[in-house]
Amino acid sequence: MPTRARGALVSLTQAMFPHHGAVDPMDKHIIQMSNQLASNTPLQMALYFNVYFFPFWAASNFVMLGLKFQELHYIYQILVLAMLLFMTVLEAVRLYLGYLGNLQEQVPELAGSWLLTTILQLPLTALLILNPDMFLLPLDCIINILQFIFVATECVCGFFALRLLSKQQVIRFQLQQFYDNEFDLEPLDL
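Residues numbered from 1 in each chain as written. Predicted model: local features only at pLDDT ≥ 70, side-chain atom pairs only at ≥ 80, totals over all residues. Heavy atoms only, no water.

Engineer: Talk me through the overall build of the protein; I want residue IDs and the actual numbers.
Structural biologist: For the protein, the helix and strand inventory stands at six helices and zero strands. Counting helices and strands in the order they occur from the N terminus, the protein gives α-α-α-α-α-α. Looking at the protein as a whole, 38% of its 190 residues qualify as buried. Pairs at least 24 apart in sequence give 78% of the contacts found in the protein among residues at least 6 apart. Carbon and sulfur atoms make up 71% of the accessible area of the protein, which totals about 11600 Å². (Helix = DSSP H or I, 4+ residues; strand = E, 2+ residues; numbered from the N terminus. Buried < 20%, exposed > 50% of the residue type's maximum accessible area, 1.4 Å probe, protein only. Contact = heavy atoms within 4.5 Å. Areas by Shrake-Rupley, 256 points an atom, 1.4 Å probe, with all protein chains shown as cover.)

Here is the structure:
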């Protein structure tokens, strides 16, 4: 890469990530941090248990909906059915992205999972628990409170995992720039 283009890329990176200064490539802490895994164990544990809990959550919600369907107002019948179908698909996608992003240390997938968790799944799960017009049955309350605990845990752990992973990716990028500059060979004149 030409030095002028490299300089522009470095200045752009430093403008986008101002809290990360220049990396001293001889700093052992930086080298050690760039080589360690950034997967978040608490997030992975929450995702793991949520994957096994998800089929029971979906099945019990649909069974409970079948039991109380006639008691619901016709608007709530449509809304709850659509919401449960949407949440079931969303949960499968969210868990897949969380697994992929955390284990393979991929920021876009982990960010997608975190955004789905924070923006959609957390409020929808809270709505299932807190709306009194849905004729909550005891199993409904228990299963949805457990789901809310999983989703809230994944939301908090996902934030810290994203922060650590993005910081580590910046350090790897800056170290890669140093090693690319250090080992560039001059073209041979033949």
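Engineer: I'd like a rundown of the nonpolar core, residues and numbers included.
Structural biologist: Core analysis: the biggest nonpolar cluster contains 23 residues, and Leu 43, Trp 57, Val 80, Met 83, Met 87, Leu 110 and Leu 128 have the highest contact counts within it. Elements that contribute at least two residues to this core include exactly helix H3 (41-68), helix H4 (74-103), helix H5 (107-130) and helix H6 (138-182). The element that contributes the greatest number of residues to this core is H3, accounting for seven residues. Those residues in contact with Val 80 that lie beyond four places of it in its chain are Leu 65, Leu 72 and Met 134. (Core = buried A, V, L, I, M, F, W, Y, C linked by side-chain atoms within 4.5 Å.)

Engineer: So what's going on with H3? Residues and values would help.
Structural biologist: Between the first and last C-alpha of H3 there are 39 Å, a value that for 28 residues agrees with the 40 Å anticipated at 1.5 Å per step. The largest bend in H3 is about 40 degrees, located at Phe 53, with the proline Pro 55 one to four residues further on. (Expected span 1.5 Å × (residues − 1). Bend = angle between axes of the 7 residues up to and from the residue.)

Engineer: Account for the environment of Thr 117, with residues named and values stated.
Structural biologist: Position of Thr 117 among the secondary structure elements: in helix H5. Along the backbone, Thr 117 and Leu 95 are 22 residues apart, and their C-alpha atoms lie at a distance of 9.3 Å. The contact partners of Thr 117, leaving out residues within four places of it in the chain, are Arg 94, Leu 122, Val 151 and Cys 155.

Engineer: Could you give me a rundown of the pattern of salt bridges, with the residues and numbers involved?
Structural biologist: Applying the stated criterion across every chain, the model contains three salt bridges. Between Asp 140 and Lys 68 there is a salt bridge, with its nearest N and O atoms 2.6 Å apart. You can see Asp 140 sitting in helix H6 and its partner Lys 68 sitting in helix H3, a full 72 residues away along the chain. The two residues Asp 140 and Lys 68 agree in class, both being buried. Salt-bridge contacts for Glu 154 lead to Arg 94; the nearest nitrogen and oxygen are separated by 2.4 Å. (Salt bridge = Lys/Arg side-chain N within 4 Å of Asp/Glu carboxyl O.)

Engineer: Please provide a residue-by-residue account of the packing of H3 against H4, values included.
Structural biologist: Two numbers describe a pair of packed helices, the interaxial angle and the distance between the axes. Closest axis-to-axis distance for the H3/H4 pair is 10 Å, and the angle between their directions is 165 degrees. When the axis of H3 is compared with that of H4, the two are roughly antiparallel. Between H3 and H4 lies a crossing of left-handed hand. Here the residues of the contact of H3 with H4 sort into 18 nonpolar, six polar and two charged. (Axes fitted to C-alpha atoms, helices over the stretch in contact; angles between N-to-C directions. Parallel < 35°, antiparallel > 145°, perpendicular 65-115°, else oblique. Left-handed = near helix turned anticlockwise from the far one by under 90°. Nonpolar A, V, L, I, M, F, W, Y, C, P; charged D, E, K, R; others polar.)

Engineer: Account for a nonpolar patch on the surface, with residues named and values stated.
Structural biologist: A cluster of nonpolar side chains, namely Met 45, Tyr 48, Phe 49, Val 51 and Tyr 52, defines an oily patch on the protein surface of about 500 Å² accessible area. On the secondary structure map, Tyr 52 appears in helix H3. A relative accessible area of 52% means that Tyr 52 is categorised as exposed. (Patch = residues over 30% accessible without salt bridge, like charges linked within 9 Å, V, L, I, M, F, W, Y side chains within 5 Å.)

Engineer: How would you sum up unusual backbone geometry? Please name residues and give values.
Structural biologist: The backbone phi angle of Glu 105 is positive, close to 55 degrees, even though this residue is not glycine. With respect to the element layout, Glu 105 can be found in the loop between H4 and H5. Exposure remark for Glu 105: the relative accessible area of 11% places this residue in the buried category. Located in the positive-phi region is Phe 135, a residue other than glycine, with phi close to 50 degrees. Looking at the secondary structure, you find Phe 135 in the loop between H5 and H6.

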